[in-house]
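Residue-level listing of the chains:
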Amino acid sequence: MNITRVGSFAAISVAAALVLSACATNETPAEEAPSALAGTLVGAGSSAVGAAQEVWIAEFQTANPEVTVTYDPTGSGAGRETFLGGGSDFAGTDRAFNDEEVAAGGFASCAEGSGIVQLPLYISPIAVIFNLEGIDELNMSADVIAGIFAETITNWNDPAIAALNEGVELPDLAITPVHRSDDSGTTDNFTDYLAQAAPSVWTYEADGVWPLESGEAAQGTSGVVDAVTNGTGTIGYADASRAGDLGTVAVQIGDEFVPFSPEAAAAVVDASPFIEGRPDFDLSIELDRTPDSAAYPIVLVAYLVGCETYLDSAQAELVKAYFTYMASEAGQAASAAGAGSAPISATLFERVTAAIDVIS
Amino acid sequence: MTATDPKVRTVAPQGKPKQRLGDIVFSRTSLISGSAILAILAAVAIFLVGQSVPAFVADPEEFIGSPASFWDYVWPLVFGTLWSASLALLMALPLAVGIALFISHYAPRRLAQLLGYIVDLLAAVPSVVFGLWGIGVLAPAVLPAYTWLTENLGWIPLFAPPVSGTGRTILTASIVLGVMILPVMTAICREIFIQTPVLHEEAALALGATRWEMITMAVLPFGRPGIISGAMLGLGRALGETMAVAMVLSATGIITINLVSSANPSTIAANIALSFPEAYGVNVNLLIATGLILFLITLVVNSIARYIVNRRKDFSGAN
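Residues numbered from 1 in each chain as written. Chains lettered and ligands numbered in written order. Predicted model: local features only at pLDDT ≥ 70, side-chain atom pairs only at ≥ 80, totals over all residues. Heavy atoms only, no water.

Draft legend 1. Molecular detail of the overall build of chain A. Of the regular secondary structure elements, chain A holds twelve helices and eleven strands. Taking 360 residues into account, the globule formula puts the C-alpha radius of gyration at 21 Å, and chain A, at 23 Å, falls close to it. C-alpha extents for chain A along the principal axes are approximately 65 × 65 × 35 Å. Taken over 360 residues, chain A has a buried fraction of 50%. In chain A, the proportion of contacts linking residues at least 24 apart, taken out of those at least 6 apart, comes to 73%. Total accessible area computed for chain A in this model is approximately 15500 Å², and 53% of it derives from carbon and sulfur atoms. Side-chain charges of chain A comprise 9 positive and 50 negative groups, with the mean position of each set lying 7 Å from the other. (Helix = DSSP H or I, 4+ residues; strand = E, 2+ residues; numbered from the N terminus. Rg over C-alpha atoms; globule rule 2.2 N^0.38 Å. Buried < 20%, exposed > 50% of the residue type's maximum accessible area, 1.4 Å probe, protein only. Contact = heavy atoms within 4.5 Å. Areas by Shrake-Rupley, 256 points an atom, 1.4 Å probe, with all protein chains shown as cover. Lys, Arg positive; Asp, Glu negative; His and termini not counted. Charge placed at Lys NZ, Arg CZ, Asp CG, Glu CD.)

As structure tokens, this is what we get:
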């Protein structure tokens, strides 16, 4: 009986595969000829990019059945080290390789003297989430957010919050700020925002580990979301795609209050300058968290890093094709749907395309 | 049986008793098993020491959070580990002894069996599930009690305000740990209580002792080494428990005895689980070095337990 069950299951799978592949073969001619790419591409790094990579890999492998792409979400630091040591063809990282690291060189997968291509292909807004009954959105300035997380503002009815939210009835309730207990790129970007936008209140440097010994700590994005959801008067920060039904904060930029949105997140990246003194194919961004126009400044930007010149030209072809796909409209739409990221803007897309062209 | 038969013994020409194949196989197997546990332990210890060395010689500036020295990094974790484990033991031990006594001496046989199964079932629940339970059920449930404690007993440092907003404090984590170590402690206590010589019990009863007096005079002294062994096994589990603590505890790396605030010390095992995914370079060695410290703490705790058990053996009535 078990055998027939397995058999029928196999039959269904085969039938499904036939039907699906039949669909695929029908569609292919409309798009392009079947790809001639073949080989294996190994990537490792940031876990923040992990969800997007899963979507990208699935779609890319469907379009290029002879190519196998793997991505190991070991963490940004480990990803950079693996890439440096030649253990991977490309890296995903929450921060770009910095000046010293680029100058030191020695990237083992790359040809002698080759530079590295760093592309900001994953932009994800970080939402400031809170749990107050009956309130879905609050306006806050950077100073207020910093005050809450530094625990100088300790009650929801604090005049500093009330002044920005006229007409909202704020409860007399203690604020419990929730932060990540693990080392994370989300914390790094959030503290970077606080340090840049509210330097007088937030006197700590940007760091992946929460710098204060107070406040509530929770494990991972889901841990923070759970703690905020189950607690009373809680506030935290998490990847915007996970905000769910919780209240979110609109951040003050000039005289405006900007709620998070993919467009506003992409806008802050556009408004930020590239780090100076790098070649054209190194698109490391110096994120400007205090934009003049309506943009959402609390974003996480993750880079995909590859070589300018690979030791193996076949490998270069693969990386080029994969990077081109990730940067494409289809690729960015896929990660927006699958991982809640913000698609890169048209201006950034042009720069990225030009940068990918140098890979050889 | 044949070996004790005098006729057979005189027939055998050599003085040595005959070695049978079964005996040889069995003795070798148990010898190998016995050495295997030593070899495994040695392998773990060698790995820990080898991987820890870079952390001891590295510049503390490179460590997570740049502490002043290695010990500055480890000390809050050691404190948190011992603090949470002892709280868990403090809550679970009386409960475990009580449950075991009820099962062995008070409950009707059928109920006792059923209870035994249920307690054993607790041991089979994965720690992740305990963690989820801690976050989703226990923490919100105890929050009102914590609030009451800070409001009414806030002058005691243990319950100093402000209260945590989510209930995910070290006390909650210790309660979860206590529940987790309950089954093994109960099982060991129950087994040892059942073995109390009936003569001792009957003698006590015959001298006019009540059931409670019989238990304090006969059962508990007899079971003391067992209770201690059980407690140490439980403590070992509480010291090393990772997942549940990592999930439940709001750990910020502070040293405090406050039980109800949202700032709590982390534990070694939970800290390794939380920090390892993003660790690289010397920080990996640092985390493994904290693992070595945990290994040593467990060793010390077990040695102390061994010492207590041995010292008490003569008076336990077990011999």
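Anyway, onward from the coordinates.
Draft legend 2. A look at the packing of aromatic side chains. Tallied over the full model, the rule gives 22 aromatic pairs over all chains. Centroid distance Phe149(A) to Phe190(A): 5.0 Å. Interplanar angle 75°. Geometry classified as edge-to-face. With Phe149(A) in helix α5 (residues 142-149) and Phe190(A) in helix α7 (residues 185-197), this pair connects stretches of sequence that are 41 residues apart. Of the residues examined, Phe149(A) reaches a relative accessible area of 2% and is grouped as buried. Plain terms: the ring middles of Phe79(B) and Trp83(B) are 6.1 Å apart, the flat faces sit at 15° to each other, and that makes the pair stacked. On the criterion of helical spacing, the pair formed by Phe79(B) and Trp83(B) is a turn pair, its members being four residues apart in helix α3 (residues 70-106). Cluster of aromatic residues (ring-pair linked, three or more members): Phe60(A), Tyr71(A), Phe90(A), Tyr322(A), Phe323(A) and Tyr325(A). Arg211(B) extends its terminal NZ or CZ atom over the ring of Tyr106(B), reaching a point 5.2 Å from the ring centre. (Phe/Tyr/Trp six-rings, centres within 6.5 Å; stacked < 30°, edge-to-face > 60°. Lys NZ or Arg CZ within 6 Å of the ring centre and 35° of its normal.)

Draft legend 3. Structural context of a nonpolar patch on the surface. All names here are of chain B. Together, Phe102, Tyr106, Leu111, Leu114, Ile118 and Trp212 give the surface a local cluster of nonpolar side chains, amounting to about 590 Å² of exposed area. Among the secondary structure elements, those contributing two or more residues to the nonpolar patch are α3 and α4 (109-123). The dominant element in the nonpolar patch, judged by the number of residues it contributes, is α4, at three residues. (Patch = residues over 30% accessible without salt bridge, like charges linked within 9 Å, V, L, I, M, F, W, Y side chains within 5 Å. Salt bridge = Lys/Arg side-chain N within 4 Å of Asp/Glu carboxyl O.)

Draft legend 4. Structural detail: the interface of chain B and chain A. Contact residues are listed per partner, giving 24 residues for chain B and 28 residues for chain A. Carbon and sulfur atoms supply 48% of the area that chain B and chain A bury against each other, a total of about 2000 Å² over both sides. When the area that chain B buries against chain A is broken down by residue, the three leading residues are Leu274(B), Glu278(B) and Tyr280(B), summing to 30%. The interface formed by chain B and chain A contains one salt bridge. Notably, a salt bridge pairs Glu216(A) with Arg168(B), separated by 2.8 Å at the nearest N-O pair. (Buried area = accessible area lost by both parts, 1.4 Å probe.)

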